[in-house]
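What follows is each chain in one-letter form.
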Amino acid sequence: SRLARELQSLAEDAAMQVAAGRFLEGGHAPNLAFADALVPRLRDALPSLPAASRDDAAAALEALTAAAPSPVAAPGAYRHDSALHRVLPGAVAALARRRPLLLVIDDLHWAEPDALQAFLHLAAGLIDLAAGGEPVPVAVVALCRPPAPDDPLAHVLERLRREPAACHVPLAGLGPIGLNDLV
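Residues numbered from 1 in each chain as written. Predicted model: local features only at pLDDT ≥ 70, side-chain atom pairs only at ≥ 80, totals over all residues. Heavy atoms only, no water.

**Q** Any chance you could explain the nonpolar core here in plain terms?
**A** A general tendency of soluble globular proteins is for nonpolar side chains to be buried together. Grouped together as the largest cluster of nonpolar side chains are 44 residues, with contacts concentrated most on Phe23, Phe34, Leu38, Leu42, Leu64, Leu88 and Leu108. Every element with two or more residues in this core is listed here: α2 (32-45), α3 (51-65), α4 (82-98), β2 (101-106), α5 (113-131) and α6 (152-161). The element that contributes the greatest number of residues to this core is α4, accounting for nine residues. Core analysis: the next-biggest nonpolar cluster, separate from the first, contains seven residues, Ala4, Met16, Val18 and Val104 among them. (Core = buried A, V, L, I, M, F, W, Y, C linked by side-chain atoms within 4.5 Å. Buried < 20%, exposed > 50% of the residue type's maximum accessible area, 1.4 Å probe, protein only. Helix = DSSP H or I, 4+ residues; strand = E, 2+ residues; numbered from the N terminus.)

Here it is as structure tokens:
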């Protein structure tokens, strides 16, 4: 989306590294947005990470690249990956400690429940690391449409709203002037 591109441009101008991924409508690969965003950076960073961070980064890289999803996979064919949930916050923190990181996840409203749980574990894990006294120079931005009250995304967003380090910024649709500018 345009907002995601603007955020990425501002972060790059501020010398931050940018990792971006997006979920696709009807996609059946819960980790694809995370893989698109993080795999290239983890591969590049792995050899130079401190030993204490290298294990999480290597495990996250392995989990994100294992068993490439089939484009015709049936819904629900992928299962909750608790191993990835455990190591992803540490891997992202290791990347951010090398150079401040903006992680943009676009179209979170298309994510399947397993991917939403991975996102929640990632965000909560980074918050926990920072609360534990370790600076984690990372901003995680997820863009999504407002969910229906019974949508799993609504539960994830509500959980994150309870975190002091999380911020929810609802955006209104474009008005006539904004639409004209866009066209």
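**Q** What is the right way to read the sheet that holds strand β1 (residues 17-22) from this model?
**A** Here three strands make up an open sheet; going across it, the order is β1-β2-β3 and the pairing parallel. Of all strands in the sheet, those bounded by a partner on one side alone are β1 and β3 (138-142). On average, adjacent strands in this sheet sit at an angle of 10° to one another, irrespective of strand direction. As paired strands, β1 and β2 are joined by six bridges and run parallel to one another. Each bridged residue has a counterpart across the sheet, and for Gln17 the counterpart in β2 is Leu101. Packing of helix α1 (residues 2-13) onto the sheet brings it into contact with β1, β2 and β3, and relative to β2 it is tilted by some 170°. Each of β1 and β2 is contacted by α2, which is oriented at about 150° to β1, the strand it contacts most. (Pairing = 2+ DSSP bridges. Axes fitted to C-alpha atoms, helices over the stretch in contact; angles between N-to-C directions. Contact = heavy atoms within 4.5 Å.)

**Q** I would appreciate a short explanation of the environment of Gly90 in the present structure.
**A** When you line up the elements, Gly90 lands in helix α4. Judged by its relative accessible area of 16%, Gly90 is buried. Distance in space between the C-alpha atoms of Gly90 and Arg54 is 9.2 Å, their sequence separation being 36 residues. Discounting chain neighbours no more than four positions away, the residues touching Gly90 are Asp56 and Leu129.

**Q** Just to check I follow, could you spell out the layout of surface pockets for this structure?
**A** In this approach a probe as big as a water molecule rolls over the atoms, and the regions it shows empty are the leftover space. Put simply, the largest pocket is a space of about 1,400 Å³. Around the largest pocket, the lining is made up of 39 residues, and of these Val141, Ala142, Leu143, Cys144 and Val169 lie nearest the centre. Mapped by element, the contributors of at least two residues to the lining of the largest pocket are α1, α5, β3, α6 and α7 (176-182). Of the residues contributing to the lining of the largest pocket, the split by class is 29 nonpolar, five polar and five charged. (1 Å grid on protein atoms, 1.4 Å probe; cavity = no way out; pocket = protein on both sides within 12 Å on 5 of 7 lines; lining within 4 Å. Points joined across faces, edges and corners; volume = space filled by probe spheres on them. Nonpolar A, V, L, I, M, F, W, Y, C, P; charged D, E, K, R; others polar.)

**Q** How should I be thinking about the packing of α2 against α4 in this particular structure?
**A** Running from amino to carboxyl end, α2 crosses α4 at an angle of 65°, the nearest separation of the two axes being 11 Å. Classified by chirality, the crossing of α4 by α2 is left-handed. Contacts between α2 and α4 involve Leu38, Arg41, Leu42 and Ala45 from the former and Leu88, Ala91, Val92, Leu95 and Arg98 from the latter. (Left-handed = near helix turned anticlockwise from the far one by under 90°.)

**Q** Even after reading the chapter, I still don't get α6, so can you show me in this structure?
**A** An α-helical turn contains 3.6 residues, so any two residues separated by three or four positions project in the same direction. Regarding α6, the residues found buried are Leu153, Ala154, Val156, Leu157 and Leu160. Down the axis of α6, the buried side of the element spans an arc of 165°, and every buried residue falls inside it. Turning to α6, the residues buried within the fold contact α5. The distance from a side-chain oxygen at the start of α6 to the backbone nitrogen of Leu153 is 2.7 Å, and the residue carrying that oxygen is Asp151. (Arc of directions from axis to C-beta. Polar contact = N/O pair within 3.5 Å; in protein donor to acceptor, adjacent residues only side chain to side chain.)

None of the figures reported here should be taken as evidence of function without further support.
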